[in-house]
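These are the residues of each chain, in order.
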Amino acid sequence: MSFRRFLAIMQARNKEFWRDRAALAWNFIFPIMVIGGFAVAFSGDGPDLYKVGITDAEEHQKLHFETIRYIQFIPVSDLSDAIVKVERHQLDMLISPSTRQFWINKSSPAGYLLERLLNGSDEGFRREAVEGEGIRYVDWLISGILAMNLMFSALFGVGFVIVRYRKNGMLKRIKATPVTAFEFITAQVASRLWLLLSVSALVFLCTDLVLDFRMYGSYLDLLIVFALGAICLISLGLLIAARLASEELAGGLLNAISWPMMFLSGVWFSLEGVNPWLVKLAQILPLTHVIDGARAIMIDGAGLMEIMPNLMALVAMTAVFLIIAARTFRWE
Amino acid sequence: MSPFLQVDNLTRHYQGVKAVDGISFAIERGRCFGLLGPNGAGKTTTVEMLEGINEPTSGTILYQGRPLGRRFRDEAGIMFQTTALQDYITVHETLKMFQQMYPRTIPLPDLIESCSLGDFLDRDTRKLSGGQRQRLLLAIALVNDPEVIFLDEPTTGLDPQARRNFWELVQRIKQQGKSIVLTTHYMEEAYRLCDDIIIMDHGQIIAQGTPDALLAKHFAEVVLQLPAADFPASCPELEMQVSGDLVEILSSDLNHTIRRLIELKVSLAGLRIRQHTLEDLFLALTGRELRT
């Protein structure tokens with residue numbers, strides 16, 4: 001391993017990236033547009049339907065309250081989880097008919113209105129106030145969008161580019177020099193990792209200035225999750241690029257991998273409540289672990305220990321991808 | 001002492017096709033060695049095996065007595081037939097990148113001067129003309145001050161002016177005592193640049209030697225060309241053939257033939273004498289035109 005040769009290739013690749021204005025703009029503008037668009041689309045007070053969680057939904061005398069229209073009643077099984085949802089404004093109210101208790105968020109106008117409605121229709125409920133800032137959809141979405149951008153940039157920026165280099169003879173030219181496959185690949189990975197993390201950090205900072213995301217965890221932890229995720233996704237890109245020489249085939253394969261990941265890894269919506277089979281499937285997708293880890297840090301203030309299963313999954317997948325990629329790599 | 005590059009019984013099969021079929025030759029230090037042949041003859045496959053890019057199916061290649069390895073990589077300069085360069089970086093940055101890959105290198109200013117790159121050093125490599133691009137690729141091949149330089153059809157697709165410029169560069173490299181391996185299907189290029197040639201067809205060597213020796217061996221005669229209009233209807237004793245409005249006379253004794261023409265009172269005002277070329281040789285050896 002010659003550090004000088006590694007650096008030569010990495011620097012050239014960095015220059016190519018920063019000077020390719022169209023691709024660069026796309027890397028920045030696309031995620032900002034998506035985040036901005038959703039921030040606008042989901043601003044305001046949300047849908048005019050109120051959401052009320054109700055415990056023991058089937059086992060009590062129906063309340064008058066439950067006959068009021070335009071309120072969605074959602075059965076809940078775990079009381080403490082549901083209370084957290086009230087804190088986060090994900091539920092406007094939680095009622096427990098068996099214990100005659102209800103919970104609302106002090107800072108929620110919907111909670112206030114629902115309290116008045118409940119008191120007007122049924123008697124004897126005790127008020128339990130909770131506090132907490134609402135989580136906007138964008139707070140939840142930002143991790144997903146950054147991770148999705150990471151995925152596309154890693155898979156296409158490494159996978160597709162190596163296939164292109166192989167097809168147009170650039171890899172052959174490098175092979176004719178003393179540069180080893182290992183030096184070449186690590187230079188590509190390092191270059192892309194550095195670019196991905198700087199682009200992600202910039203997108204985060206720019207959108208955070210306007211949207212002021214909820215961030216309860218540590219920025220360093222968030223960086224670690226994204227770095228591990230980036231390395232894992234770049235390795236996946238390398239695996240796909242290991243020996244393909246057709247850009248069309250590579251493009252198709254990359255799309256076939258990235259699109260299911262985009263939908264199954266919870267970029268746009270939570271997988272809560274979908275078919276358990278899909279939830280299991282999502283666990284084998286690296287993007288799921290990046291997004292779950294990042295969300296846990298940002299929204300729940302989780303530390304590295306709490307998201308260790310996600311981190312370990314990413315490390316394990318990276319190892320598998322890299323080993324297979326290194327074994328199957330061909331210059332031509 | 002072992003030869004500079006020694007090739008023995010080299011074979012390369014692609015899915016049952018014998019692209020290179022058991023060829024052997026030796027390349028001497030400091031010479032320009034040419035592989036000639038039509039497209040598909042096996043030139044590029046052969047040269048890529050010599051470069052260590054392509055694995056032979058069987059046979060051996062020895063560089064200064066040893067198999068191709070680390071030392072060969074450091075000491076070989078290679079110019080492929082088609083090479084993509086990294087986009088969005090300049091000529092100067094490209095040279096620097098390749099320079100950093102080798103332990104021993106030529107100072108960049110010397111390289112830029114010798115390959116005449118000075119006028120477009122800061123240009124993006126995507127915006128070079130054909131001739132500029134070939135000169136840059138040659139410079140990349142020379143960046144490690146190589147002992148041996150491989151040029152695979154270096155002037156294909158260049159206009160005549162750019163081709164002549166490129167030949168001059170190669171002549172200068174030869175003068176520095178470097179060994180050169182060149183493939184081409186331009187006979188004129190081979191004739192001007194090469195000290196030794198082999199002619200390949202269907203993966204095999206069909207002729208081998210210095211260009212002049214090959215021509216002398218296969219052609220005893222020179223060709224005299226005269227406008228057909230200046231020619232009498234019949235002239236015995238002369239081996240002649242009409243091609244278009246020219247008459248071509250094959251002559252093994254030029255003095256005798258010209259004396260004979262004067263006796264016949266043929267005007268020599270339009271006379272041209274042509275040597276046989278490698279094109280003729282290829283045609284004679286294979287019955288086919290070279291550039292088909």
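Keep in mind the model is a prediction, meaning the values are calculated, not measured.

So, about the overall build of chain A. Within chain A one finds 12 helices and five strands. Taken along the three principal axes of its C-alpha coordinates, chain A extends 85 × 40 × 35 Å. Residues classed as buried in chain A amount to 42% of the 332 residues present. Within chain A, residue pairs in contact and separated by at least 24 positions form 76% of the contacts whose partners lie at least 6 positions apart.

Now for the overall build of chain B. Per the secondary structure count, chain B includes 10 helices and 14 strands. Projected onto its principal axes, the C-alpha coordinates of chain B cover approximately 70 × 45 × 40 Å. Here chain B holds 292 residues, and the buried ones make up 36% of them. Considering only intrachain contacts with a sequence separation of at least 6, the fraction spanning at least 24 residues in chain B is 70%.

The interface of chain A with chain B comprises 18 residues on the first partner and 19 residues on the second. Elements that contribute at least two residues to the side of chain A that touches chain B include exactly helix H1 (3-19) and helix H6 (170-175) of chain A. For the side of chain A that touches chain B, the element with the most residues is H1 of chain A, which contributes seven residues.

What follows concerns the sheet that holds strand E4 (residues 101-105) of chain A. Whenever strands of a sheet pair, they do so through backbone hydrogen bonds, lying parallel or antiparallel. Residues and elements named next belong to chain A. The strand order across the open sheet formed by five strands is E2-E1-E3-E4-E5, and the pairing between neighbours is mixed. Of all strands in the sheet, those bounded by a partner on one side alone are strand E2 (71-76) and strand E5 (126-130). The mean angle between the axes of side-by-side strands here comes to 25°, regardless of whether they run parallel or antiparallel. Here E4 pairs with E5 via five bridges, running parallel. Bridge pairing links glutamine 101 to arginine 126 in E5. Each of strand E1 (50-55), E2, strand E3 (93-96), E4 and E5 is contacted by helix H3 (residues 79-87), which is oriented at about 35° to E4, the strand it contacts most.

Residues and elements named next belong to chain B. Here glycine 37 lies in the loop between strand E3 (32-36) and helix H1 (43-50). By the C-beta count within 10 Å, which is 25 here, glycine 37 ends up buried. Taking the C-alpha atoms as reference points, glycine 37 and isoleucine 198, separated by 161 residues in sequence, lie 8.5 Å from one another. Once residues lying within four places of it in the same chain are set aside, the contact partners of glycine 37 are Lys43, His185, Ile199, Met200 and Asp201.

The next subject is the confidence of the model for chain A. Overall, the predicted model of chain A reaches an average pLDDT of 86, with 97% of residues at or above 70. Here helix H2 (residues 21-41) of chain A stands out as the element of chain A with the lowest mean pLDDT, 81, in contrast to helix H8 (residues 219-241) of chain A, whose mean of 94 is the highest.

Domain annotation of chain A identifies domain 1 (3-41 + 136-328) and domain 2 (50-130). Measuring from the centre of the C-alpha atoms in domain 1 of chain A to the corresponding centre in domain 2 of chain A gives 41 Å.

In this section: the packing of helix H5 (residues 137-168) of chain A against helix H7 (residues 181-211) of chain A. Relative placement of two packed helices is described by the angle separating their axes and the distance separating the axes. Residues and elements named next belong to chain A. The interhelical angle for the contact between H5 and H7, taken along N-to-C directions, is 155°, at an axis separation of 10 Å. When the interaxial angle is binned, H5 and H7 end up roughly antiparallel. H5 and H7 meet at a crossing whose hand is right-handed. Facing Val138, Ile142, Leu146, Asn149, Leu150, Ser153, Ala154, Gly157, Val158 and Ile162 of H5, the residues of H7 in contact are Gln188, Arg192, Leu196, Ser200, Val203, Phe204, Thr207 and Leu211. Here the contact of H5 with H7 is built from residues that sort into 11 nonpolar, six polar and one charged.

The rules behind each value
- Residues numbered from 1 in each chain as written.
- Chains lettered and ligands numbered in written order.
- Predicted model: local features only at pLDDT ≥ 70, side-chain atom pairs only at ≥ 80, totals over all residues.
- Helix = DSSP H or I, 4+ residues; strand = E, 2+ residues; numbered from the N terminus.
- Buried ≥ 20, exposed ≤ 12 C-beta atoms within 10 Å, placed from the backbone.
- Contact = placed C-beta atoms within 7 Å.
- Pairing = 2+ DSSP bridges.
- Axes fitted to C-alpha atoms, helices over the stretch in contact; angles between N-to-C directions.
- pLDDT = per-residue confidence, 0-100.
- Domains from an automatic or database assignment.
- Parallel < 35°, antiparallel > 145°, perpendicular 65-115°, else oblique.
- Left-handed = near helix turned anticlockwise from the far one by under 90°.
- Nonpolar A, V, L, I, M, F, W, Y, C, P; charged D, E, K, R; others polar.

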